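Structural features, examined
Residue strings, one per chain:
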Amino acid sequence: MDNRVYVSASHDPFYNLAVEEDLFYAQGAGATLYLWQNQNTVVIGKNQNALAECRVALLESEGGRLARRSSGGGAVFHDLGNLNFTFLLPQQDYDLPRQLSVIQRACASFGIGAVLSGRNDVVLENTGAKFSGNAFRFSSGRALHHGTILISADLDKLS
């Protein structure tokens, strides 16, 4: 199986989402893990109303960007304290518990207990605080599973 890992050096949401889209359509056998970060960005799901989900004028006045992703799900604030991950694979190999176990094992390597909860969330085992949300897309025999890992985001901007 031909597995790949890509790490983006860019913090531009439009570039990172375009790379994700390109990887999705180029996906063959095996799996791809794509890691990326955006700076001062709100990313909304494909079906969301930007004006209902984000204070767009404030975001733009602070030099932020608003971007739309190809999956569903809610609005997410990204800064360099947030790590984004994308699993890309053939749809028949899609396995949500297996994919999320990668996140759980990574957390465990830092002594952080993480459990799956609710609708596609990963929460801290001891407090139930959500630190990762996930969204999905399936098309033409391909699967995309992406999410966020809140590490040390600027909570004032996030709110």
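These remarks concern the structure in this document. Everything numeric in this text was worked out from a predicted model, so none of it was measured.

Observations regarding the layout of surface pockets
What the largest pocket holds in volume is close to 840 Å³. Contributing to the lining of the largest pocket are 38 residues, with Val43, Gly74, Ala75, Val76 and Phe77 lying nearest its centre. Those elements that place two or more of their residues in the lining of the largest pocket are strand 3 (41-44), helix 3 (56-61), strand 5 (76-78), strand 6 (82-90), strand 9 (130-139), strand 10 (142-150) and helix 5 (155-158). Ranked by the residues each element gives to the lining of the largest pocket, the list is headed by strand 9, at 7 residues. Residues belonging to the lining of the largest pocket are distributed by class as follows: 14 nonpolar, 15 polar and 9 charged. Roughly 350 Å³ of volume is contained in the second largest pocket. Forming the boundary of the second largest pocket are 15 residues, of which Ala106, Cys107, Phe110, Ile149 and Ile151 lie nearest the centre.

Scoring rules and cut-offs
- Residues numbered from 1 in each chain as written.
- Predicted model: local features only at pLDDT ≥ 70, side-chain atom pairs only at ≥ 80, totals over all residues.
- Heavy atoms only, no water.
- 1 Å grid on protein atoms, 1.4 Å probe; cavity = no way out; pocket = protein on both sides within 12 Å on 5 of 7 lines; lining within 4 Å.
- Points joined across faces, edges and corners; volume = space filled by probe spheres on them.
- Helix = DSSP H or I, 4+ residues; strand = E, 2+ residues; numbered from the N terminus.
- Nonpolar A, V, L, I, M, F, W, Y, C, P; charged D, E, K, R; others polar.

The values reported here are purely geometric and, on their own, carry no functional implication.
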